[in-house]
Amino acid sequence: MGTLPFFDDSEIRRVLCVVAHPDDMEYGASAAVARWTAQGISVSYLLLTAGEAGMRSLSPEEVAPLLTQEQRAACQEVGVQDLTVLGLPDGMLQPDLETRRHIARQIRKTRPDLVLTQPWELQMGWGLNHADHRAAGLATVDAVRDADNPWVFRELLEDEGLEPWGTDWLLVANAEPSHLIDVSGEPAEPAIRSLQAHEAYLAGLGDHPDPREMIEGMTSAAAQHSADAAASHALGVAAYRM
Ligand SMILES: [Zn+2]
């Protein structure tokens, strides 16, 4: 990896984060969100599913409202007011036109300078990536382009009055990084609390590592790739200019 530059977020005003499940933002990405909201940047979350198929011992009908409630608490920790849970089928997410249309709609509504999503690779450093994560990442890449094309999903403009919107940056959190986001100091703490907010979900997993150790560990490991010795914690992102 070597030394990585910091991502310049000085011109960013609005951010939209698109992920598959409740808790997906809380494995590092929410530290960047805490940094941004502290700077007055407005951040919206779009969760494609309610994560209802995520707890083996509880039925989807019980799990969906529980995880949505935990996500709301996680959002509060990092200053996010705008949470949309789409409710596409958990475990069966597809990067198809329907999913792309949903994401493009949200991009045109929220008009972000930056869209953040999750990696679409099959193989991750920690093992094999989840099907929904791959679908969410891939659909988001395409939807960023769709949102800017007046001739794709014409009904968004014609029926809903949503004008095309060009996003400047696409960031993929926890992918092979091209840049770092400095989350030293304050941002790491709300990020830890945002992962802790998924209390029932983490308890259901049983063998989940301690959220503090996990977030501390990953952000301090990423900071080793910074040329700035003052940066003790960082999030690695793959940044694409759109
Ligand atoms: Zn997930």
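The protein chain appears in an unreviewed UniProt entry as PIG-L family deacetylase from Nesterenkonia alkaliphila.

Draft legend 1. Main features of the overall build of the protein chain. Along the backbone of the protein chain there are eight helices and nine strands. Whereas a compact globule of 242 residues would reach a radius of gyration of roughly 18 Å, the protein chain reaches 17 Å, a difference of no more than 12%. For the protein chain, the spread of C-alpha atoms along the principal axes amounts to about 50 × 45 × 35 Å. Buried residues in the protein chain amount to 52% of all 242 residues.

Draft legend 2. Layout of helix H4 (residues 131–148). The end-to-end C-alpha separation of H4 is 26 Å, in line with the 26 Å expected for 18 residues at 1.5 Å each. All of the buried residues in H4 are Asp-132, His-133, Ala-135, Ala-136, Gly-137, Ala-139, Thr-140, Val-141, Ala-143, Val-144, Asp-146 and Ala-147. Where H4 is buried, its residues meet strand E1 (14–19), strand E2 (42–49), helix H3 (97–110), strand E4 (114–117) and strand E7 (169–173).

Draft legend 3. Looking closely at the pairing of strand E3 (residues 82–88). Bridge count for E2 against E3 is five bridges, and the pairing is parallel. Within E3, the position partnered with Thr-49 by the bridge is Leu-88. Regarding the hand of the β-α-β motif, the stretch spanning E2, helix H2 (residues 60–77) and E3 is right-handed.

Draft legend 4. Geometry of the pattern of salt bridges. A complete count under the given rule lists seven salt bridges for this structure. Close ionic contact of Glu-155 with Arg-101 constitutes a salt bridge, the shortest N to O distance being 2.7 Å. Remark: Arg-101 occurs in helix H3 and Glu-155 occurs in helix H5 (residues 154–158); sequence separation between them is 54 residues. Of the residues examined, Arg-101 reaches a relative accessible area of 26% and is grouped as partly exposed. The partner of Glu-189 in a salt bridge is Arg-212, and the shortest N-O contact between them spans 3.0 Å.

Draft legend 5. Quick look at the coordination of the zinc ion. At 2.0 to 2.1 Å from the zinc ion lie its protein donor atoms, namely His-21 (ND1), Asp-24 (OD) and His-133 (NE2). Within one chain, the residues donating to the zinc ion are spaced in sequence as H-x2-D-x108-H. Taken as a pair, His-21 in the loop between E1 and helix H1 (29–38) and His-133 in helix H4 lie far apart in primary sequence, 112 residues in all.

Draft legend 6. Structural view of the environment of Gly-2. Tracing the backbone shows Gly-2 in the segment before E1. With 144 residues separating them in the primary sequence, Gly-2 and Asp-146 have C-alpha atoms 34 Å apart.

Draft legend 7. Representation of the packing of H3 against H4 in the model. Between H3 and H4, the least distance of the axes is 8 Å, while the angle of their chain directions is 55°. Relative to H4, the element H3 lies oblique. In this structure, H3 meets H4 at a crossing whose hand is right-handed. Touching Thr-99, Arg-100, Ile-103, Ala-104, Ile-107 and Arg-108 of H3 are Ala-139, Thr-140, Asp-142, Ala-143, Val-144, Asp-146 and Ala-147, all from H4. Here the contact of H3 with H4 is composed, by residue class, of seven nonpolar, two polar and four charged.

Draft legend 8. The arrangement of the nonpolar core in detail. Grouped together as the largest cluster of nonpolar side chains are 39 residues, with contacts concentrated most on Val-33, Trp-36, Val-43, Tyr-45, Leu-116, Leu-171 and Ile-181. It is H1 that contributes the most residues to this core, six residues altogether. Those residues in contact with Val-43 that lie beyond four places of it in its chain are Val-15, Cys-17, Val-33, Trp-36, Thr-37, Val-80 and Asp-82. With 22 residues, the next largest nonpolar core counts Val-18, Ile-107, Val-115 and Ala-139 among its residues.

Draft legend 9. View of the packing of aromatic side chains. According to the stated counting rule, one finds two aromatic pairs in the structure shown. A ring pair is formed by Phe-7 and Trp-169, whose centres lie 5.0 Å apart and whose planes are at 90°; its orientation type is edge-to-face. Of the two residues, Phe-7 sits in the segment before E1 while Trp-169 sits in strand E7, which places them 162 residues apart along the sequence. Taking the relative accessible area as the measure of exposure, Trp-169 reaches 21% and is therefore partly exposed. Between Trp-120 and Tyr-240, the ring centres sit 6.5 Å apart and the planes meet at 35°, which makes this aromatic pair tilted.

Scoring rules and cut-offs
Residues numbered from 1 in each chain as written. Predicted model: local features only at pLDDT ≥ 70, side-chain atom pairs only at ≥ 80, totals over all residues. Heavy atoms only, no water. Helix = DSSP H or I, 4+ residues; strand = E, 2+ residues; numbered from the N terminus. Rg over C-alpha atoms; globule rule 2.2 N^0.38 Å. Buried < 20%, exposed > 50% of the residue type's maximum accessible area, 1.4 Å probe, protein only. Expected span 1.5 Å × (residues − 1). Contact = heavy atoms within 4.5 Å. Pairing = 2+ DSSP bridges. Right-handed = clockwise from strand over helix to strand, strands pointing away. Salt bridge = Lys/Arg side-chain N within 4 Å of Asp/Glu carboxyl O. Donors = N, O, S within 2.8 Å, 3.2 Å for Na, K, Ca; no water. Axes fitted to C-alpha atoms, helices over the stretch in contact; angles between N-to-C directions. Parallel < 35°, antiparallel > 145°, perpendicular 65-115°, else oblique. Left-handed = near helix turned anticlockwise from the far one by under 90°. Nonpolar A, V, L, I, M, F, W, Y, C, P; charged D, E, K, R; others polar. Core = buried A, V, L, I, M, F, W, Y, C linked by side-chain atoms within 4.5 Å. Phe/Tyr/Trp six-rings, centres within 6.5 Å; stacked < 30°, edge-to-face > 60°.

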